Amino acid sequence: MSPKKVIAGIEREVPQDTRSTVTRLFGYLHGQRIRLTVVAVSIVIYVALSIWNPMYSAIVINHLWQSVQEAWQTGTPFSVTATMGRELIQLTVQYLFTWLFYYFQSWLMANVAENLVLELRSQIARKLNRLPLRFFDRNKAGEILSRVTSDLDKIAEVLQTGLLKLIVAIGTIIGSLIVMFYYSVPLTCLFLVFMAVSMVVTNLVARKNLRCAAERQETIAVLTGVVEEYYNGRDVIKAYNHEAESIQMVSQAAEANRLANQKADFLTNCVNPLIRLLTRLAQVVIAVISGKAMLDGTMSVGVVQAFFQYVNQTAEPLTEASYMINSLQAALASAERTFQMLDEEERPDPDSPALLERAKGSIAFEHVSFGYDPDRLLMRDISFTAQPGQKIAVVGSTGAGKTTLINLLMRFYEVNGGRITVDGVNTADMTRSGLRHNFGMVLQDTWLFGGTVAENIAYGRPDATREEIIAAAKAAKVDYFIRTMPKGYDTVLDNEAANLSAGQRQLLTIARVFLCDPPILILDEATSSVDTRTEVEIGKAMKRLMQGRTSFVIAHRLSTIRDADMILFMEQGNIIEQGDHKTLLAKGGAYAALYYSQFE
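What you are looking at is a predicted structure, and each value in this text was computed from that prediction instead of being measured. (Residues numbered from 1 in each chain as written. Predicted model: local features only at pLDDT ≥ 70, side-chain atom pairs only at ≥ 80, totals over all residues. Heavy atoms only, no water.)

### Quick word on the sheet that holds strand β6 (residues 439-442)
And step 1. Spatial strand order, β6-β9-β10-β3-β11-β12: six strands in an open sheet with mixed pairing. Unpaired on one side and paired on the other, β6 and β12 (574-579) mark the two borders of the sheet. Going from strand to strand, the sheet's axes swing by 20° on average, the running direction of each strand aside.
And step 2. Two strands pair when backbone bridges link them, and strand β9 (residues 520-524) and strand β10 (residues 550-554) are joined in this way by five bridges, in the parallel orientation. Looking at β10, one finds that D524 is bridged to I554.
And step 3. Relative to the sheet, helix α10 (residues 402-409) contacts β3 (391-396), β6, β9, β10 and β11 (566-571), its axis offset from that of β10 by approximately 150°.
And step 4. Contacts from helix α18 (residues 590-597) reach β3, β11 and β12 within the one sheet, and its direction differs from that of β11 by about 95°. (Pairing = 2+ DSSP bridges. Helix = DSSP H or I, 4+ residues; strand = E, 2+ residues; numbered from the N terminus. Axes fitted to C-alpha atoms, helices over the stretch in contact; angles between N-to-C directions. Contact = heavy atoms within 4.5 Å.)

Structure representation (structure tokens):
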């Protein structure tokens, strides 16, 4: 794999339909109206206190300055507590309540945001379990994980900080500017000129920074993909002496990520000093003009210091407005992608499903047609019948449609035409869980999860006793090597079971099917990863297991399916021959040619 080149001009991340996304997002907050009401009240009180505190401090400072002058003129001792004790205590209490209301609203908003994300994440989890495999064929695993994790985290983060800051900033800016205009129109207009320049600079940097952030995320994705691929393929890389090439590819991806990080970090860190410089210049100019106003007696000391407080609490939100808006847009874009996943088309289970507690095993394909793309059918008019207890072998070259046939039987995909029945019941009339309860699968690609050996065997029957688990392991000829492991059946495996061989992993999945004891079996090259002697032993156990059960066996080695009751030979998605081994050999067709080619 070669690292993807990152395009410099990545488009701004904005939602396509802002209004509907906002409406739907706030619809999810309907159940948290009480919390949101309390947050709104807290915001109003906090903003009111933030505006009132400087005004009251102006009164306090003027009173203090007047008291100091009187004490100096009369020669009497000056005492702060005696002269201004009540005012100072009131001012302290006001600042304390300002902090408390800010803390309270932040805590409540975090609670609201996390509850929203929990609900969305739960809905996505249920949705992913209902979506057909067609959805996962169209979407990369990384994209799906990004929607479940980073997109939802971005929504939570912006609700907790960005949205709250924006609402508070709007209220504070409006209130502060009103008071500033009341104190001095010229000084306020001068301040707004400097802030307009700051906002223009911030907006330009914010747009550039957003593109750089998207570029950084892209390079991280590329680097992660390269490292993951080379880690999983480390044995092949070493076998073919490609260590140097793999190191070079990782270095290139890492270098691209370094450059993207450097650019994004520089823009993030350079804008704040620039904005502070403009703010300080504004304060210097305002200080000179207000100082002259104090000398002329048109402004008091308290009003000047209050004006500077309003400048400080207004300047930063104004310059950060572009970042707040961009963050909100990115969060809405994340919410829109989340809703797109939740709106993905699915075929729900029927409202009054047919029940099939334990199937007898009669299966029929009746004129079934199917295509991954409905306009390009892979299968046309597939028909066959499997009687209870029969062994059905599905053979053919790679890509012939063998696995697709099984996927249709399990309803991993929905047929485009015809129907599939189990004991005469249309599988489309059953729930997917009710249908799959009657099947046991052993796939060529084994899958074990992080947990003990016993838990992995009991995956299909979590309520199984230890004795039943051991009996299933013995039937699959896996009990011996389990007992040689450090803690036996209580040995913990990671999700890749890297400490087991491919054959041992396959044996554990076979034991899992033994324990479930299903009426219908699906074996997809179930013994492909085991040695010949183990294959013989498993074959004997499988023969006992398949007695009285309908079995579908996908096989490449035709010697393993000569005893099948019916062999389906597939080519380009269609069944071109069907019958038992002797019949198909006597026919001298495609099956016979493939069979004899394996024994030449």
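Moving on, there is more to tell.
### Considerations on the packing of aromatic side chains
And step 1. One pass over the structure, following the stated rule, counts 15 aromatic pairs.
And step 2. Between W52 and Y56 the ring centres are 5.7 Å apart and the planes differ by 40°, which places this aromatic pair in the tilted class. Of the two residues, W52 and Y56 both sit in helix α2 (residues 33-74), four residues apart, roughly one turn of that helix.
And step 3. Since its relative accessible area comes to 34%, W52 is described here as partly exposed.
And step 4. The class of Y56 is buried, set by a relative accessible area of 7%.
And step 5. Taking 5.2 Å as the distance between ring centres and 45° as the angle between the ring planes, the aromatic pair formed by F449 and Y459 counts as tilted. (Phe/Tyr/Trp six-rings, centres within 6.5 Å; stacked < 30°, edge-to-face > 60°. Buried < 20%, exposed > 50% of the residue type's maximum accessible area, 1.4 Å probe, protein only.)

### Thoughts on the sheet that holds strand β2 (residues 379-386)
And step 1. Across the sheet, which stays open at both edges, the four strands sit in the order β2-β1-β4-β5 with antiparallel pairing between neighbours. The open sheet is flanked by β2 and β5 (425-426), the only strands paired with a single partner.
And step 2. As defined by bridge partners, strand β1 (residues 363-370) adjoins strand β4 (residues 417-422) across five bridges and the pair is classed as antiparallel. Looking at β4, one finds that A364 is bridged to T421.
And step 3. Packed on one face of the sheet, α10 meets β1, β2 and β4 and runs near 115° to β1.

### Structural notes on the domain arrangement of the protein
And step 1. Domain annotation of the protein identifies domain 1 (1-184 + 320-344), domain 2 (185-298) and domain 3 (363-599).
And step 2. Once you take the C-alpha centre of each, domain 2 and domain 3 turn out to be 54 Å apart. (Domains from an automatic or database assignment.)

### What about the side chain of N438?
And step 1. Its place among the elements puts N438 in the loop between α11 (432-436) and β6.
And step 2. By relative accessible area, which is 2% here, N438 ends up buried.
And step 3. Not counting chain neighbours up to four residues away, the residues in contact with N438 comprise L356, E357, R358, A359, P518, P519 and I520.

### Quick notes on a nonpolar patch on the surface
And step 1. Side chains of I34, V38, I89, V93, L96, F97, W99, L100, Y103, F104 and W107 sit close together on the surface and give an oily, nonpolar patch of about 1,100 Å² of accessible area.
And step 2. Within the residue set of the nonpolar patch, elements represented by two or more residues are α2 and α3 (80-130).
And step 3. Its location among the elements puts V38 in helix α2. (Patch = residues over 30% accessible without salt bridge, like charges linked within 9 Å, V, L, I, M, F, W, Y side chains within 5 Å. Areas by Shrake-Rupley, 256 points an atom, 1.4 Å probe, with all protein chains shown as cover. Salt bridge = Lys/Arg side-chain N within 4 Å of Asp/Glu carboxyl O.)

### Topic: the packing of helix α13 (residues 466-475) against helix α15 (residues 502-516)
And step 1. Close contact between α13 and α15 brings their axes to 8 Å; oriented N to C, the two are set at 125°. In this view, α13 runs oblique relative to α15, as classed from their interaxial angle. Regarding α13 and α15, the two cross each other, and that crossing is right-handed. Taking contact as the criterion, the partners of E468, I469, A472, A473 and A475 in α13 are, on α15, A511, F514 and L515.
And step 2. The residue makeup of the contact of α13 with α15, split by class, is seven nonpolar, no polar and one charged. (Parallel < 35°, antiparallel > 145°, perpendicular 65-115°, else oblique. Left-handed = near helix turned anticlockwise from the far one by under 90°. Nonpolar A, V, L, I, M, F, W, Y, C, P; charged D, E, K, R; others polar.)

### A word on the nonpolar core
And step 1. With 58 residues, the main nonpolar core has L116, Y183 and F191 as its most contacted residues.
And step 2. Mapped by element, the contributors of at least two residues to this core are α2, α3, α5 (141-183), α6 (185-232), α8 (243-296) and α9 (301-342).
And step 3. Two domains each put at least three residues into this core: domain 1 (1-184 + 320-344) and domain 2 (185-298).
And step 4. Leave out the neighbours within four places in its chain, and Y183 touches M55, A58, V303, A306, F307 and Y310.
And step 5. Core analysis: the next-biggest nonpolar cluster, separate from the first, contains 45 residues, A393, A454, I457 and M546 among them. (Core = buried A, V, L, I, M, F, W, Y, C linked by side-chain atoms within 4.5 Å.)

### Things to note about the environment of N438
And step 1. Each C-alpha atom of the pair N438 and K360 lies 9.3 Å from the other, and the pair is 78 residues apart in sequence.
And step 2. Within the structure, N438 has its side chain in polar contact with the backbone oxygen of G434 (distance 3.1 Å). (Polar contact = N/O pair within 3.5 Å; in protein donor to acceptor, adjacent residues only side chain to side chain.)

### Observations regarding the side chain of N257
And step 1. Positionally, N257 belongs in helix α8.
And step 2. When residues no more than four places from it in sequence are discounted, the contact partners of N257 are R216, T219, I220 and L223.

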